[in-house]
Amino acid sequence: MAGSTGAQGAIWVIAETNADGSLAKSSAEVATLARTLADAAGATSAGIVVAADPAAAAKELAGYVARVVAIAEPDAAGTAWSVVAAQRAAAVLADAAPLAVLTGAGPDGRDVAGTLGALLQHPTLVNATAVAWVDGGPSVDMSVFGGKLNTTSTFTDREWGIVTVRPNVVTAEAAASAGTVEQA
Amino acid sequence: MPIRIVVLTKPVPDPAAAAERLGADGRLERAASPAVINGNDEYTLEAALKLTDALGGEVTLLAMAPAGGLETMRKGLAMGAHRGVLVTDPALAGSDQWSTMQVLAAALKTLEYDLVLAGFDTSDGVGGVVGAGLAALLKLPLMSSAAKIEPDVDAGTVRVRRISATGFDVLEAPMPALIVGTQLLGEPRYPSLKGIMAARSKEVVTKSLADLGLDPATVGGAVARTKVTGSTKPPARGATQVVRGTPGEGAKAIVDLLASRRLI
């Protein structure tokens, strides 16, 4: 990877792709949320796509966030995608402290979040039904106990963390202008 | 050849009791609700028992819980698990998922196993990230969303049928490996009366943080990296809506309703 990806001060999304290489609907939603939070934080939104051929999904993702890091990973063309994706994303994110990292809350997103949290030693808030930027960090609403209670949680001590976001809690909305795509 | 399986279990508030509540500190008031073994853990336990029934070997339950977790573990022992390990320590009250991963990883390092099985998620937090985190901490192959588990102990490998958006993928990895299961693994058995009686005499080893060489200054509630800042009950459900018309009209109305609620 040539140069630094400049990961400082951004809300990041780890995107998922469909079998045909296109951007997953849930990732478009999460990317929209990342941009919304970044706007509230006065920061940048960014995304990571890890796939055997990330070009198409990276181009789509750039329609939602300011910067996309596209990582071609032949090993990702199989069934261990989440672990490979988390490892490659960890290498990008480890260079500086992101403000937050978002993933989907589906099976692959959970695996990415869990693996990434362990690799980078950062905490996770899960299954978010809403996320707002409050007092310098994400404020995460969750439905727990089978829907019997809604909670709001934050990360302690202003450290950054990972948030898994449920599908359909955000409507995907493209940015006014497309972001950039860089190969890593 | 016999197989050694560790099944991760967690006591959770009984969903049927509907008595869950949080205290002023945002922590679960455990005394307010009876505890049961997490439902999805029963499915992975069933899968483990089927494997040991067929291949021989042993199933060990592993849980991080308050001391009362011992009684919850008894159901898993009554189903047929051979022994249990309960990590319990006052310092663990209020632990977040990060601490949970650290503690379970430390406990797993004291055990010998071919497979670690984890449930898809828990009925309290619905997180589903601890299994993947554990695999990363322990540098084990992760095989998630498993619908079928086929170990070849002689070859030292395991094959898993993993649910995917397009059907199933087939994963294969060397053992030891960590597998996150789904309910497609098969309905859990009811404990027999013989099993319930036998559970009382099965060994459950209790370990503290000190036993695992962990410092309470690094794991547990005191160093939780997430916190609950508020909670509310969801709005009361409205009146039942009856959909009349043809099956096609009914299906469309249901789909439209689910889409409007962002459920699909």
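My aim in this report is to walk through the structure given alongside it, one point at a time.

What counts, and where the lines are drawn
- Residues numbered from 1 in each chain as written.
- Chains lettered and ligands numbered in written order.
- Predicted model: local features only at pLDDT ≥ 70, side-chain atom pairs only at ≥ 80, totals over all residues.
- Heavy atoms only, no water.
- 1 Å grid on protein atoms, 1.4 Å probe; cavity = no way out; pocket = protein on both sides within 12 Å on 5 of 7 lines; lining within 4 Å.
- Points joined across faces, edges and corners; volume = space filled by probe spheres on them.
- Helix = DSSP H or I, 4+ residues; strand = E, 2+ residues; numbered from the N terminus.
- Nonpolar A, V, L, I, M, F, W, Y, C, P; charged D, E, K, R; others polar.
- Patch = residues over 30% accessible without salt bridge, like charges linked within 9 Å, V, L, I, M, F, W, Y side chains within 5 Å.
- Areas by Shrake-Rupley, 256 points an atom, 1.4 Å probe, with all protein chains shown as cover.
- Salt bridge = Lys/Arg side-chain N within 4 Å of Asp/Glu carboxyl O.
- Contact = heavy atoms within 4.5 Å.
- Buried area = accessible area lost by both parts, 1.4 Å probe.
- Polar contact = N/O pair within 3.5 Å; in protein donor to acceptor, adjacent residues only side chain to side chain.
- Expected span 1.5 Å × (residues − 1).
- Buried < 20%, exposed > 50% of the residue type's maximum accessible area, 1.4 Å probe, protein only.
- Pairing = 2+ DSSP bridges.
- Axes fitted to C-alpha atoms, helices over the stretch in contact; angles between N-to-C directions.

### Thoughts on empty space enclosed by the protein
Residue and element names in this part refer to chain B. Inspection of the entire model under this criterion finds three cavities of 30 Å³ or more. Estimated volume of the largest cavity: approximately 50 Å³. Per element, the largest residue contribution to the lining of the largest cavity is three residues, and it comes from helix H2 (residues 69-79). Residue composition of the lining of the largest cavity, by class: six nonpolar, three polar and one charged.

### Thoughts on a nonpolar patch on the surface
A cluster of nonpolar residues, B:Leu193, B:Ile196 and B:Met197, forms a patch on the protein surface that exposes about 340 Å² of accessible area. With respect to the helices and strands, the residue B:Leu193 is situated in helix H5 (residues 193-199).

### A closer look at the interface of chain A and chain B
Taken together, the contacts link 41 residues of chain A with 44 residues of chain B. Surface buried jointly by chain A and chain B totals about 3400 Å² across both partners, of which 55% is contributed by carbon and sulfur atoms. Our enumeration of links across chain A and chain B arrives at four salt bridges. Residue A:Arg110 pairs with B:Asp121 through a salt bridge whose shortest N-O separation is 2.7 Å. The interface formed by chain A and chain B includes 14 residue pairs in polar contact (both at pLDDT 80 or more).

### Quick word on helix H6 (residues 247-260) of chain B
Given a rise of 1.5 Å per residue, 14 residues ought to cover 20 Å, and the 20 Å separating the end C-alpha atoms of H6(B) matches this to within 8%. Downstream of H6(B) by one or two residues, B:Arg262 has phi in the positive range, about 60 degrees.

### Here we look at unusual backbone geometry
The amide bond that connects B:Met175 to the next residue, B:Pro176, takes the cis arrangement and shows omega of 5 degrees. One can find B:Pro176 in the loop between strand E9 (167-174) and strand E10 (177-181). With phi around 60 degrees, A:Asn127 is a residue other than glycine that occupies positive phi space. Among the structural elements, A:Asn127 can be located in strand E5 (residues 124-134). Here the phi dihedral of A:Asp135 falls at roughly 50 degrees; this positive angle occurs in a residue that is not glycine. Mapped onto the elements of the fold, A:Asp135 is located in the loop between E5 and strand E6 (137-144). A:Asp135 gets classed as exposed once you look at its relative accessible area, which sits at 66%.

### Thoughts on the pattern of salt bridges
Pairs may arise between side chains of opposite charge once their charged atoms sit close together. Under the criterion given, the structure shown has 20 salt bridges over all chains. Its salt-bridge partner being A:Glu73, residue A:Arg88 comes within 2.6 Å of it at the nearest N-O pair. Taken together, the residues A:Arg88 in helix H3 (residues 81-93) and A:Glu73 in the loop between strand E3 (67-72) and H3 connect sequence positions 15 residues apart. Judged by relative accessible area, A:Glu73 falls into the buried class, the value being 9%. Residue B:Lys50 is joined to B:Glu46 by a salt bridge in which the shortest nitrogen-to-oxygen separation is 3.2 Å.

### Some words on the side chain of A:Thr103
Residue and element names in this part refer to chain A. Among the structural elements, Thr-103 can be located in strand E4 (residues 100-104). Residue Thr-103 is classed as buried on the basis of its relative accessible area, which comes to 1%. Among the polar contacts listed, one links the side chain of Thr-103 to the backbone oxygen of Gly-109, at a separation of 3.2 Å. Dropping the residues within four chain positions of it, Thr-103 is found in contact with Ile-14, Val-30, Gly-109, Val-112, Ala-113, Ile-162, Val-163, Thr-164 and Val-165.

### Thoughts on helix H1 (residues 25-41) of chain A
The terminal C-alpha atoms of H1(A) lie 24 Å apart, and with 17 residues this matches the ideal 24 Å at 1.5 Å per residue to within 8%. A positive backbone phi angle near 70 degrees is found at A:Gly42, which sits one or two residues after H1(A).

### So, the sheet that holds strand E1 (residues 3-8) of chain B
Residues and elements named next belong to chain B. Strand order in the open sheet formed by nine strands is E9-E8-E7-E10-E6-E1-E4-E5-E11, with mixed pairing between adjacent strands. Looking along the sheet, the strands with just one partner apiece sit at the ends: E9 and strand E11 (204-207). Each strand of the sheet is rotated relative to its neighbour by a mean of 30 degrees, with strand direction disregarded. Bridge analysis of strand E6 (residues 115-118) against E10 gives four bridges, and the strand direction is parallel. Counted as the bridge partner of Leu-115 is Ala-177 from E10. Contacting strand E4 (57-64), strand E5 (83-87) and E11, H2 crosses the sheet at an angle of about 155 degrees to E5. Contacting E1, E6, strand E7 (142-152) and E10, helix H4 (residues 130-138) runs over the sheet at an angle of about 175 degrees to E10.

Such coordinate-based values are descriptive only and should not be taken to indicate function.
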